[in-house]
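Per-entry structural report
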Amino acid sequence: MSNQSALPRIVILGAGLGGTIAAFEIMEAVQGKAHVSVISDSERFSFLLSNPWVAIGWRTSDAVQVKLSPVFEKQKIAFTTPSGKRLHSAENRVKLNDGQSVAYDYLVIATGSDLAFDEITGLGLDGGYTVSVCKTAHAEDTAKAFESFCKDPGPIIVGAAPGASCFGPVYEFVMILDTELRRREIRDRVPITLVTPEPYVGRLGLDGVGDTKSVLESELRERHIKWTTNAKTTSVEPNMLHADEIGPDGAVCKTHDVPFKYAMMLPAFRGIPAIFGIEGLTSPRGFVLVDEYQRSKTFPNIFALGVCVAIPPTGPTPVPVGVPKTCFMIESMATAIAHNLESLVNG
Ligand SMILES: Cc1cc2nc3c(=O)[nH]c(=O)nc-3n(C[C@H](O)[C@H](O)[C@H](O)COP(=O)(O)OP(=O)(O)OC[C@H]3O[C@@H](n4cnc5c(N)ncnc54)[C@H](O)[C@@H]3O)c2cc1C
């Protein structure tokens, strides 16, 4: 048996999609030559890709969550839940919210994003007027709001804030809402508008994927869903969303006041507070700057994967939009990090 205290310590911060996959792949890659541990802010893993389904009652939140400790225990991966309060990258330690610190030889950051609802007045569940599917707990609240809405329906807005990068759930949510409203036979009482900062429908943060522009436009038309593109949402008040439409020259070419009784708006993302503003580690928006090995450009013993990684936009757009970090991309990042750590622990 290996002497645990002499082994290099690999710590993974965050146990979402990227962090859990990375933990399993790293454990397998290092073959007992490193101690692997995970720090999470939650006892449970949330498969947040299913949140839109939770938000209209097609799934319960229990069905999309798994208790992590038994799973990690089986894989001999250490697991701790006081969340990371602050990374001290120059001292190779993560300070936890209970005051303790976890020291590491190698750190893998997989903390996803902080949701920037506060950047637009009236956006979000916390003191705002729009619902969210970003977290499973949000989706549970959104499902309750949807049930009340269906008793007295009216206009719906689904969309994304300026600077948003994750457009897949926007299109998914607007389509499943349409389907559910038809099933409930109230669709004719619900005008739906998609409000997006994308310059065209189906750009998806990537300048389109194949023929997504025409496919999604046609699908929205068939479902009688209207849309506003180049929309810079400026504020939301009860039952009304205000947005400027930005022209190619960057000037406001039209203003929109869109009424709603129920609105789901994806916010822009930024880095989480525990890593935000660490010089050399993160971009001005708080995302981790990595090289082609998924390794920090400043701290060679720090790797990062998933939504917390800085990726520049694919090109200029009248309203800023980010690049999505999708599952396939995240899995590839996890595999790359596992192989790189394998090489490092093997000298
Ligand atoms: C609603 C929704 C649907 C999506 N659907 C798809 C899809 O269908 N297909 C696709 O390819 N992509 C999809 N994505 C995009 C992407 O695949 C997911 O966002 C994915 O979960 C990102 O994984 P991640 O590990 O980077 O971040 P997350 O899964 O968000 O994981 C980050 C984890 O870190 C934890 N954490 C944060 N701060 C701390 C801290 N201080 N200490 C400890 N832990 C912390 C968080 O609680 C979380 O558990 C979707 C995204 C959303 C929001």
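Structure first, text after, so check above.
What this report covers is the structure whose coordinates are included nearby. (Residues numbered from 1 in each chain as written. Predicted model: local features only at pLDDT ≥ 70, side-chain atom pairs only at ≥ 80, totals over all residues. Heavy atoms only, no water.)

Some remarks on the sheet that holds strand β17 (residues 262-266)
- Read from one edge to the other, the open sheet built from four strands follows the order β13-β12-β11-β17, with strand pairing classed as parallel. Of all strands in the sheet, those with a lone pairing partner are β13 (225-228) and β17, marking the two edges. In this sheet, neighbouring strand axes are inclined to one another by 15° on average, regardless of whether the strands run parallel or antiparallel.
- Bridging between strand β12 (residues 192-195) and β13 involves four bridges; their strand directions are parallel. Along β13, the bridge assignment pairs T193 with K226. (Pairing = 2+ DSSP bridges. Helix = DSSP H or I, 4+ residues; strand = E, 2+ residues; numbered from the N terminus. Axes fitted to C-alpha atoms, helices over the stretch in contact; angles between N-to-C directions.)

A few points about the pattern of salt bridges
- Evaluation of the coordinates by the stated rule reveals 19 salt bridges.
- As a salt-bridge pair, R44 and D62 come within 3.2 Å of each other at their nearest N and O atoms. Pair noted here: R44 is in strand β3 (residues 44-46) and D62 is in the loop between α2 (51-55) and β4 (65-67), with a separation of 18 residues, a long-range link.
- Judged by relative accessible area, which is 52%, D62 ranks as exposed.
- Salt-bridge contacts for D141 lead to K144; the nearest nitrogen and oxygen are separated by 3.9 Å. (Salt bridge = Lys/Arg side-chain N within 4 Å of Asp/Glu carboxyl O. Buried < 20%, exposed > 50% of the residue type's maximum accessible area, 1.4 Å probe, protein only.)

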